[in-house]
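Structural overview for review
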Amino acid sequence: MLKKYWKKIGMIILIFACVFNIMSKLVNKLSLNKELIYSAEYMYEEDEKEESQENQK
C-alpha cells in the first residue's frame, strides 16, 4: 500500500513542512517599526565608532 501512495504521502509531508515553516516565520517576525529602530540604532553606533577611530588618529 505504501508503494502505491508514496508520492501523495511525500507531497503531503512537503506541504505540511512548508506551511509550518511559513507560519513559524510569521509568528516570530518583528514588526516593521522595531526593525527600523534596530537599524537606526545600528547605523548610529557604527557612525560613532568611525568618528572615534578618526579622532584617535
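Structure first, text after, so check above.
Focus: a nonpolar patch on the surface
Taken together, the side chains of Met11, Leu14, Ile15, Val19, Ile22, Met23 and Leu26 define a hydrophobic patch exposed on the protein surface, amounting to about 690 Å² of accessible area. With respect to the secondary-structure elements, leucine 26 resides in helix α1 (residues 2–27). Here leucine 26 falls in the exposed class, since its relative accessible area comes to 56%.

Some thoughts on the environment of asparagine 28
Along the chain, asparagine 28 turns up in the loop between α1 and α2 (32–56). For asparagine 28 and methionine 1, which are 27 residues apart along the polypeptide, the C-alpha to C-alpha distance reads 39 Å.

Regarding α1
Here α1 contains 26 residues, and its C-alpha end-to-end distance of 35 Å stays within 8% of the 38 Å for a straight helix at 1.5 Å per residue. The largest bend in α1 is about 35°, located at lysine 8.

Some thoughts on a negative patch on the surface
Taken together, the side chains of Glu41, Glu45, Asp47, Glu48, Glu50, Glu51 and Glu54 present a region of like negative charge at the surface. Locating glutamate 45 in the fold gives a position in helix α2.

About the cut-offs
Residues numbered from 1 in each chain as written. Predicted model: local features only at pLDDT ≥ 70, side-chain atom pairs only at ≥ 80, totals over all residues. Heavy atoms only, no water. Patch = residues over 30% accessible without salt bridge, like charges linked within 9 Å, V, L, I, M, F, W, Y side chains within 5 Å. Areas by Shrake-Rupley, 256 points an atom, 1.4 Å probe, with all protein chains shown as cover. Salt bridge = Lys/Arg side-chain N within 4 Å of Asp/Glu carboxyl O. Helix = DSSP H or I, 4+ residues; strand = E, 2+ residues; numbered from the N terminus. Buried < 20%, exposed > 50% of the residue type's maximum accessible area, 1.4 Å probe, protein only. Expected span 1.5 Å × (residues − 1). Bend = angle between axes of the 7 residues up to and from the residue. Lys, Arg positive; Asp, Glu negative; His and termini not counted. Charge placed at Lys NZ, Arg CZ, Asp CG, Glu CD.

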